[in-house]
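Spelled out from the first residue to the last, the chains are:
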Amino acid sequence: MLVDFEQACKHLRVDGLDDAQDIRQKLVAAEVRVQMFLDRRVYETQALLDAAVAAGTAGVKPMVCDDLIRVAILLTLTDLYLNRGGGTGDGMPKAAADYVRGYRLQGA
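So, here's what we can say about the structure. (Residues numbered from 1 in each chain as written. Predicted model: local features only at pLDDT ≥ 70, side-chain atom pairs only at ≥ 80, totals over all residues. Heavy atoms only, no water.)

### Quick notes on the overall build of the protein chain
Counting secondary structure elements, the protein chain contains five helices and two strands. The secondary structure elements of the protein chain, listed N-terminal to C-terminal, are α-α-β-α-β-α-α. The buried share of the protein chain, taken over its 108 residues, is 38%. The contacts in the protein chain between residues at least 6 apart in sequence include a share of 60% that link residues at least 24 apart. Carbon and sulfur atoms provide 54% of the accessible area of the protein chain, an area that totals close to 6300 Å². (Helix = DSSP H or I, 4+ residues; strand = E, 2+ residues; numbered from the N terminus. Buried < 20%, exposed > 50% of the residue type's maximum accessible area, 1.4 Å probe, protein only. Contact = heavy atoms within 4.5 Å. Areas by Shrake-Rupley, 256 points an atom, 1.4 Å probe, with all protein chains shown as cover.)

### Notes on the packing of helix 2 (residues 20-38) against helix 4 (residues 67-83)
Following both chains from N to C, one finds helix 2 and helix 4 inclined at 125°, their axes separated by 8 Å at the closest point. Considering the angle they form, helix 2 stands oblique to helix 4. Between helix 2 and helix 4 lies a crossing whose hand is right-handed. Mapping the contact onto sequence places Asp22, Ile23, Lys26, Leu27, Ala29, Ala30, Glu31, Arg33, Val34 and Leu38 in helix 2 and Ile69, Ala72, Ile73, Thr76, Leu77, Leu80 and Tyr81 in helix 4. (Axes fitted to C-alpha atoms, helices over the stretch in contact; angles between N-to-C directions. Parallel < 35°, antiparallel > 145°, perpendicular 65-115°, else oblique. Left-handed = near helix turned anticlockwise from the far one by under 90°.)

### Some remarks on the packing of aromatic side chains
In total, this model carries zero aromatic pairs according to the counting rule given. Above the plane of the ring of phenylalanine 37 lies arginine 104, whose end atom (NZ or CZ) is 4.0 Å from the centre. (Phe/Tyr/Trp six-rings, centres within 6.5 Å; stacked < 30°, edge-to-face > 60°. Lys NZ or Arg CZ within 6 Å of the ring centre and 35° of its normal.)

### Points about the nonpolar core
Residues Ile69 and Ile73 are the most contacted members of the largest nonpolar core, which totals 25 residues. For this core, the elements supplying multiple residues, two or more each, are helix 1 (5-12), helix 2, helix 4 and helix 5 (94-100). Discounting residues that sit within four places of it in the chain, isoleucine 69 has contacts with Val34, Leu38, Val42, Met63, Val64, Val100 and Tyr103. (Core = buried A, V, L, I, M, F, W, Y, C linked by side-chain atoms within 4.5 Å.)

### Things to note about helix 4
Residues three or four positions apart in an α-helix share a direction because the helix packs 3.6 residues into each turn. Between the first and last C-alpha of helix 4 there are 23 Å, a value that for 17 residues agrees with the 24 Å anticipated at 1.5 Å per step. For helix 4, the complete set of buried residues consists of Ile69, Ala72, Ile73, Leu74, Thr76, Leu77, Thr78, Asp79 and Tyr81. For helix 4, the secondary structure elements touched by its buried residues are helix 1, helix 2, strand 1 (42-43), strand 2 (63-64) and helix 5. Structurally, the start of helix 4 carries an N-cap: the backbone nitrogen of leucine 68 is 3.1 Å from a side-chain oxygen of aspartate 66. (Expected span 1.5 Å × (residues − 1). Polar contact = N/O pair within 3.5 Å; in protein donor to acceptor, adjacent residues only side chain to side chain.)

This is the structure in structure tokens:
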């Protein structure tokens, strides 16, 4: 996971116990959504990226997660959790998209 569950709960300001399943599902969806927006795969560590490259599964221009991507994931998670969807036409909250637009592959 690019953002751990405890960090996600802290960001949402919930204890996570009552909504754990819902939060975990939405966290996975937020991570996938950000990677879809970027049109590239994002890995938690350089070692995981290197392993994916060696296995031929890394995709085009993969990258290691950084704080901007984590913020975009958290903002997307917040939108999914509080608003149950919405966002921009491409499924990303505008603020989240603004954080990572510079990482988006050309033509994506």
